[in-house]
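If you want the building blocks of each chain, they are given just below.
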Amino acid sequence: MSEINTFATQQNEYIELVAQIMQIRAMGEKPLAYVRTYGCQQNVADSENIKGMLALMGYSFTDTPENADFILFNTCAVREHAEDRVFGNVGAIKSIKKKHPSALVALCGCMMEQKHIAQRIYESFPFVGLVFGTHCLHEFPRLLYQSLLSGKRQFVTGNDDLLVHEGLPKRRDGAFKGWLPIMYGCDNFCSYCIVPYVRGRERSRSSAAILKEAHELIENGCKDITLLGQNVNSYGKGLDENISFSELLRRIDAIDGDYTLRFMTSHPKDCTRELIDTIASSRHISKHLHLPFQSGSNRILKLMNRRYTREKYLEIVNYAKEKIDGLSLTSDIIVGFPGETEEDFSQTLSLIEEVGFTSLFTFIYSKRVGTPAAEMLDPISDEEKSERFQRLLKVQEKIAAERCASMVGTRQRVLFEERAKKEGIINARTSGNIVVEVEADEGLIGSFGTVEITASGNWVLRGRPV
Ligand code: 5AD
Ligand code: SF4
């Protein structure tokens, strides 16, 4: 069972103390914090909590690290490429720290929960003063206080806990888009994936806490809410209350207001017909399903420990297509899993063609120390993997372009989101999560409207307001 821990009672004292220290050190000015986030939306949501705590401690925020008193990198461990970027960017802080020696440089997030990484940071980057893992987020004010007070290096990682920490402050990045974590951790242990090791066991938040946050978001004008979890379909396991993910969706959907409800990520093994029916009959849930299949080959799916087959995947996808009018499907795919043959890969291609995804997140397999796949024989060369990856992109490009072209002439309800790079254009998003470039007034940003699709490209649409 997940226990609940309440933040405020334990950290308020440290929030006060840090505020006092920084008021003296910054000589009456507001201290500045630079927070850089890598990786998935859960990390974005965690950074919003960290910024919420920093704001309570009197910090304001800057987009560049040069003048910051506190520099934080919230890291991602899911692929080697993400880790390399962190190492590169942290290395570049050395010269800033020389010019501004009192700045505290800190690292947190998934990378820090791997022993060999924390060790490498310790040895290679002596100017890093504070390291804390994903399980210490709720203790950040205490850790920051201790670092500021002692001036000593602090590395706090590796304490896996089963608690759900409620009541953490939050400073949201967007006014009308909100991330809402409903669960933490993952119990699936897909053989390639580091997440269960760095984010710990799966634990759900209570439905009362989630509904309270959803109400607040909607009352504050949020138009696009995304529920977050590594495997949202298994929401509710281990809670005292008897509640499924579909039931949670129905309860949120029952809140009146002008908003879209999204969720990620779904696992095909737990994606039920009840969930599809819930989406189909809802008022606010987007007509979009992100359902990662990873590989189209049953042999590889077994090695990946995904616990579904290609046939099972197609069955649920076909049911969803039948029930949800205008459904947009997206997926994650790994190319070059250890031992993937040309035949395995061709099955991935054929699945893509059969389903007709709106877009795909495609990754070349990246070996993660400590996962079962890292021990598997991997005779396929990097060149071969890259070549397969390029072939996959080509196939998907054609499918996505055809899907976009089929929408020309239709009318779509969109949320106007932000100014595009092109002058006079606003990027809007359909319920199916496709970007539409619209020539429209900036005053529309943050509101819903209807556009007619006038042209299409490979990934984006063009439209005009109706
Ligand atoms: N190598 C490549 N891609 C990975 N993913 C997770 N672990 C790895 C890895 N070791 C991808 C999966 C997952 C997405 C978030 O990242 O496709 O769905
Ligand atoms: Fe990783 Fe699989 Fe869990 Fe997703 S479901 S976080 S891929 S172990």
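What comes next concerns the included structure. (Residues numbered from 1 in each chain as written. Chains lettered and ligands numbered in written order. Predicted model: local features only at pLDDT ≥ 70, side-chain atom pairs only at ≥ 80, totals over all residues. Heavy atoms only, no water.)

### Observations regarding helix α5 (residues 115–124)
Now for step 1: Every buried residue belonging to α5 is among I117, A118 and I121, and all of these are buried. On an axial view of α5, the arc spanned by its buried residues comes to 100°, and they lie on one face. Away from its buried face, by an angle of more than 90 degrees, α5 presents the exposed residues K115 and E123.
Now for step 2: Buried positions along α5 lie against α3 (80–91), β5 (104–109), β6 (128–132) and β7 (154–156). (Buried < 20%, exposed > 50% of the residue type's maximum accessible area, 1.4 Å probe, protein only. Helix = DSSP H or I, 4+ residues; strand = E, 2+ residues; numbered from the N terminus. Arc of directions from axis to C-beta. Contact = heavy atoms within 4.5 Å.)

### Quick notes on the sheet that holds β7
Now for step 1: Read across the open sheet, the six strands follow the order β3-β2-β4-β5-β6-β7; overall the sheet is parallel. The open sheet has two edge strands, β3 (60–61) and β7, and neither has a second partner.
Now for step 2: Note: β5 against β6, four bridges, orientation parallel. Its bridge partner being in β6, V105 is matched across the sheet by V128.
Now for step 3: Helix-sheet contacts for helix α2 (residues 41–56) involve β2 (32–37), β3, β4 (70–75), β5 and β6, and the interaxial angle to β2 is about 170°.
Now for step 4: Docked against the sheet, α5 engages β5, β6 and β7, running at close to 175° with respect to β7. (Pairing = 2+ DSSP bridges. Axes fitted to C-alpha atoms, helices over the stretch in contact; angles between N-to-C directions.)

### Examining the packing of helix α13 (residues 342–355) against helix α14 (residues 382–405)
Now for step 1: Contact geometry of α13 with α14 gives a least axis separation of 10 Å together with a crossing angle of 15°. Taken together, the axes of α13 and α14 lie roughly parallel to each other. Relative to α14, the crossing made by α13 is right-handed. Listed contacts from α14 to E342, F345, T348, L349, I352 and E353 of α13 are E384, R388, R391, L392, V395, Q396 and I399.
Now for step 2: For the contact of α13 with α14, the class distribution of residues is six nonpolar, two polar and five charged. (Parallel < 35°, antiparallel > 145°, perpendicular 65-115°, else oblique. Left-handed = near helix turned anticlockwise from the far one by under 90°. Nonpolar A, V, L, I, M, F, W, Y, C, P; charged D, E, K, R; others polar.)

### Brief notes about the packing of aromatic side chains
Now for step 1: Within the structure shown, the criterion is met by 16 aromatic pairs.
Now for step 2: When the centroid spacing of 5.4 Å and the interplanar angle of 80° are considered together, the rings of F189 and Y197 count as edge-to-face.
Now for step 3: Note on Y192 and F337: the rings are 6.5 Å apart at their centroids and 85° apart in plane angle, and the pair reads as edge-to-face. A residue pair is termed long-range when its members are at least 10 positions apart, and Y192 in the loop between β10 (183–184) and α7 (195–199) and F337 in the loop between β15 (328–335) and α13 qualify at 145 residues.
Now for step 4: Relative accessible area serves as the criterion here: at 0%, F337 is assigned to the buried category.
Now for step 5: Ring-pair connections join several aromatic residues into one group, and the members of that group are Y59, F70, F132 and F140.
Now for step 6: The ring of F87 is capped by R120, whose NZ or CZ atom sits 3.6 Å from the centre of that ring. (Phe/Tyr/Trp six-rings, centres within 6.5 Å; stacked < 30°, edge-to-face > 60°. Lys NZ or Arg CZ within 6 Å of the ring centre and 35° of its normal.)

### As for helix α12 (residues 310–323)
Now for step 1: The end-to-end C-alpha distance of α12, which contains 14 residues, comes to 20 Å, matching closely the 20 Å that a straight helix rising 1.5 Å per residue would cover.
Now for step 2: Of the residues making up α12, those classed as buried are R310, Y313, L314, I316, V317, Y319 and A320. (Expected span 1.5 Å × (residues − 1).)

### Let's talk about the packing of helix α10 (residues 273–280) against α12
Now for step 1: Orientation of α10 relative to α12, taken along the N-to-C sense of each, is 20°, at an axis distance of 10 Å. Here α12 runs roughly parallel to α10, going by the angle between their axes. Where α10 crosses over α12, the handedness of that crossing is right-handed. Mapping the contact onto sequence places R273, I276, D277 and A280 in α10 and E315, I316, Y319, A320 and K323 in α12.

### Remarks on the state of the cysteines
Now for step 1: Tallied over the entire structure, the rule returns zero disulfides.
Now for step 2: C40 takes part in no disulfide bond, and the closest cysteine sulfur, belonging to C76, lies 6.4 Å away. (Disulfide = S-S within 2.5 Å.)

### A few points about empty space enclosed by the protein
Now for step 1: Evaluation of the coordinates by the stated rule reveals two cavities of 30 Å³ or more.
Now for step 2: Empty space within the largest cavity amounts to approximately 50 Å³.
Now for step 3: If you go around the largest cavity, the residues you meet are D46, I50, N74, C108, G109, F132, G133, T134 and L137.
Now for step 4: Listing elements by their share of the lining of the largest cavity, those giving two or more residues are α2 and β5.
Now for step 5: Its residues assigned to classes, the lining of the largest cavity shows four nonpolar, four polar and one charged. (1 Å grid on protein atoms, 1.4 Å probe; cavity = no way out; pocket = protein on both sides within 12 Å on 5 of 7 lines; lining within 4 Å. Points joined across faces, edges and corners; volume = space filled by probe spheres on them.)

### Regarding the environment of R262
Now for step 1: Its place among the elements puts R262 in strand β13 (residues 260–264).
Now for step 2: Spatially, the C-alpha atom of R262 lies 9.5 Å from that of L249, the residues being 13 residues apart in sequence.
Now for step 3: Non-local contacts of R262, meaning those with residues more than four positions away in its chain, are made with D224, I225, T226, L227, S286, H288, R429, T430, S431 and N433.

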